[in-house]
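Structure at a glance
Each chain is listed here by its residues.
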Amino acid sequence: MNMSLGGANSSTTERNAFQTLANNGVLSIAAAGNSGNATLSYPASYPSVVSVAAVDQNNVKASFSQFNAEVELSGPGVDTLSTTPLANDPLVIGNSQFAANPIAGSRQTTASAGWVNGGLCTASSSTWRNKVVLCQRGTNTFNDKVTRVKTGGGLAMVVYNNVDGPLSAAFFNTATPPQPVTSTLPAVGISKADGETIIASLAGQTATVDATPSVSNVAYENKSGTSMATPHVAGAAAVVWSSKPTATAQQVLEALETTALDIDAAGRDNNTGWGLVQIPAAIAELQSQ
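Residues numbered from 1 in each chain as written. Predicted model: local features only at pLDDT ≥ 70, side-chain atom pairs only at ≥ 80, totals over all residues. Heavy atoms only, no water.

Look at helix H5 (residues 249-259) against helix H6 (residues 279-287): their axes get within 8 Å of each other, and the N-to-C directions meet at 130°. Relative to H6, H5 is oriented oblique. Classified by chirality, the crossing of H6 by H5 is right-handed. Contact residues: Gln-251, Val-252, Ala-255, Leu-256, Thr-258 and Thr-259 in H5; Ala-281, Ala-282, Glu-285 and Leu-286 in H6. Within the contact of H5 with H6, the residues separate by chemical class into 6 nonpolar, 3 polar and 1 charged. (Axes fitted to C-alpha atoms, helices over the stretch in contact; angles between N-to-C directions. Helix = DSSP H or I, 4+ residues; strand = E, 2+ residues; numbered from the N terminus. Parallel < 35°, antiparallel > 145°, perpendicular 65-115°, else oblique. Left-handed = near helix turned anticlockwise from the far one by under 90°. Contact = heavy atoms within 4.5 Å. Nonpolar A, V, L, I, M, F, W, Y, C, P; charged D, E, K, R; others polar.)

So this is what it looks like as structure tokens:
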């Protein structure tokens, strides 16, 4: 089972569920997380789940890949050409286009108007009325930002990142744990560099925001994350297991770990676990058992 998902919260119920799956012969594999620190992410860090780190083209741990004592294996996860069911429409300002990702929970529609710089969008402004409001990521939640934009009479929101790279986001409330919510405004995320370009050189231009994801059966994107590395490892496990269907999940995992390419500190390490999966070697190891 591949799980390109995760979060900081664990629960006894979830832990027990994955242990039950393991007891019934299921090999569960999950992303170690993309926070770039030593914190634990779940479900990857449960004892019965295989935690997968991401490495780049040089077999070096990706800067975003979480590292801790639960990491077991690694897979390619930097600029990985990936199929995607969505081909997002760009943010258009004047004659310029910028890659944009609809914020999950935003209204799936289009809005076009002059744009205004809302800063961090921590407080509404009357100058936002009937405008596309550009907000910087940080300080308050995405949901709070879009609420401020709506209160100020804005037609749409564009959030630009406060760190390098594109912005993929979702609206959540402040409940414990946070719950997804929806907005009546279209909203998209763009990169830090694009946001700074818009502010520096595109004042007075009309902005068109399209938060409607376009379905595509042939779209590919270069994506990075432990969510890219995890399906590589899960797929490798499936191929290895298919060579000996009578093997147990534990035998398959041991074959993958025993034959993994050691690419960091000798033996198992917190950065890459036992190393990069090696399918032919793992098949030979499993066949020898």
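Here the focus is the packing of aromatic side chains. Inspection of every chain in the model, using the stated rule, returns 2 aromatic pairs. Between Tyr-42 and Tyr-46 the ring centres are 4.9 Å apart and the planes differ by 45°, which places this aromatic pair in the tilted class. With respect to burial, Tyr-42 and Tyr-46 carry one shared label: buried. These aromatic residues form a ring-pair network of at least three members: Phe-18, Tyr-42 and Tyr-46. (Phe/Tyr/Trp six-rings, centres within 6.5 Å; stacked < 30°, edge-to-face > 60°. Buried < 20%, exposed > 50% of the residue type's maximum accessible area, 1.4 Å probe, protein only.)

Glancing now at the sheet that holds strand E12 (residues 187-190). Ordered by their spatial adjacency, 8 strands build an open sheet running E7-E6-E13-E9-E10-E11-E12-E8, and the pairing between neighbours is mixed. For this open sheet the edge positions go to strand E7 (96-98) and strand E8 (101-102), each flanked by a neighbour on one side alone. Summarising the sheet, strand E9 (residues 110-117) and strand E10 (residues 132-136) pair through 3 bridges and their orientation is parallel. When the sheet's bridge partners are listed, Val-116 is paired in E10 with Val-133. (Pairing = 2+ DSSP bridges.)

Below, the discussion takes up the sheet that holds strand E3 (residues 49-55). Across the sheet, which stays open at both edges, the 4 strands sit in the order E1-E2-E3-E4 with parallel pairing between neighbours. Since the sheet does not close on itself, it has two edges, and those belong to strand E1 (2-3) and strand E4 (71-76), each with one partner. When E1 meets strand E2 (residues 28-31), the two strands line up parallel, connected through 2 bridges. Across the sheet, Asn-2 pairs through a bridge with Ile-29, a residue of E2.

All right, on to helix H4 (residues 226-242) then. Think of an α-helix as turning once every 3.6 residues; residues three or four places apart then point the same way. An ideal rise of 1.5 Å per residue puts 24 Å on 17 residues; H4 measures up with 24 Å between its terminal C-alpha atoms. Of the positions making up H4, those classed as buried are Thr-226, Met-228, Ala-229, Thr-230, Val-233, Ala-234, Ala-236, Ala-237 and Val-240. (Expected span 1.5 Å × (residues − 1).)

Next up on the list: unusual backbone geometry. With an omega dihedral of 20°, the bond running from Tyr-42 to Pro-43 counts as a cis peptide bond. Position of Pro-43 among the secondary structure elements: in the loop between E2 and E3. Unusually for a residue other than glycine, Thr-139 sits at a positive phi of about 70°. With a relative accessible area of 71%, Thr-139 lands in the exposed category.

Another aspect to go through is the side chain of Thr-226. Among the secondary structure elements, Thr-226 is positioned in helix H4. Not counting chain neighbours up to four residues away, the residues in contact with Thr-226 comprise Ala-31, Ala-32, Gly-33, Asn-34, Val-52, Ala-53, Ala-54, Phe-64 and Ser-65.

Attention shifts here to the nonpolar core. Residues Leu-27, Ile-29, Val-50, Leu-73, Val-252 and Leu-256 are the most contacted members of the largest nonpolar core, which totals 25 residues. Contributing elements (two or more residues each) for this core: E3, H4, H5 and H6. Within the second largest apolar cluster, 19 residues are counted, among which are Ala-100, Val-158, Val-188 and Leu-202. (Core = buried A, V, L, I, M, F, W, Y, C linked by side-chain atoms within 4.5 Å.)

This brings us to the pairing of E10. Most of E10 is tucked away: 4 of the 5 residues are buried. As paired elements, E10 and strand E11 (residues 156-160) share 5 bridges and run parallel to each other. In the sheet register, Gln-136 faces E11, and the bridge partner there is Tyr-160. As for the winding sense of the linkage, the β-α-β connection from E10 through helix H2 (residues 142-151) to E11 is right-handed. (Right-handed = clockwise from strand over helix to strand, strands pointing away.)

In this section: the state of the cysteines. Here a disulfide denotes a covalent bond joining the sulfur atom of one cysteine to the sulfur atom of another. Applying the stated criterion across every chain yields a total of 1 disulfide. One disulfide bridge connects Cys-121 with Cys-135, the sulfur atoms lying 2.0 Å from each other. Taking the sign of the S-S torsion, about -85° here, the bridge from Cys-121 to Cys-135 comes out left-handed. Taken as a pair, Cys-121 in the loop between E9 and E10 and Cys-135 in strand E10 lie far apart in primary sequence, 14 residues in all. Of the two residues, Cys-121 and Cys-135, both sit in the buried class. (Disulfide = S-S within 2.5 Å.)

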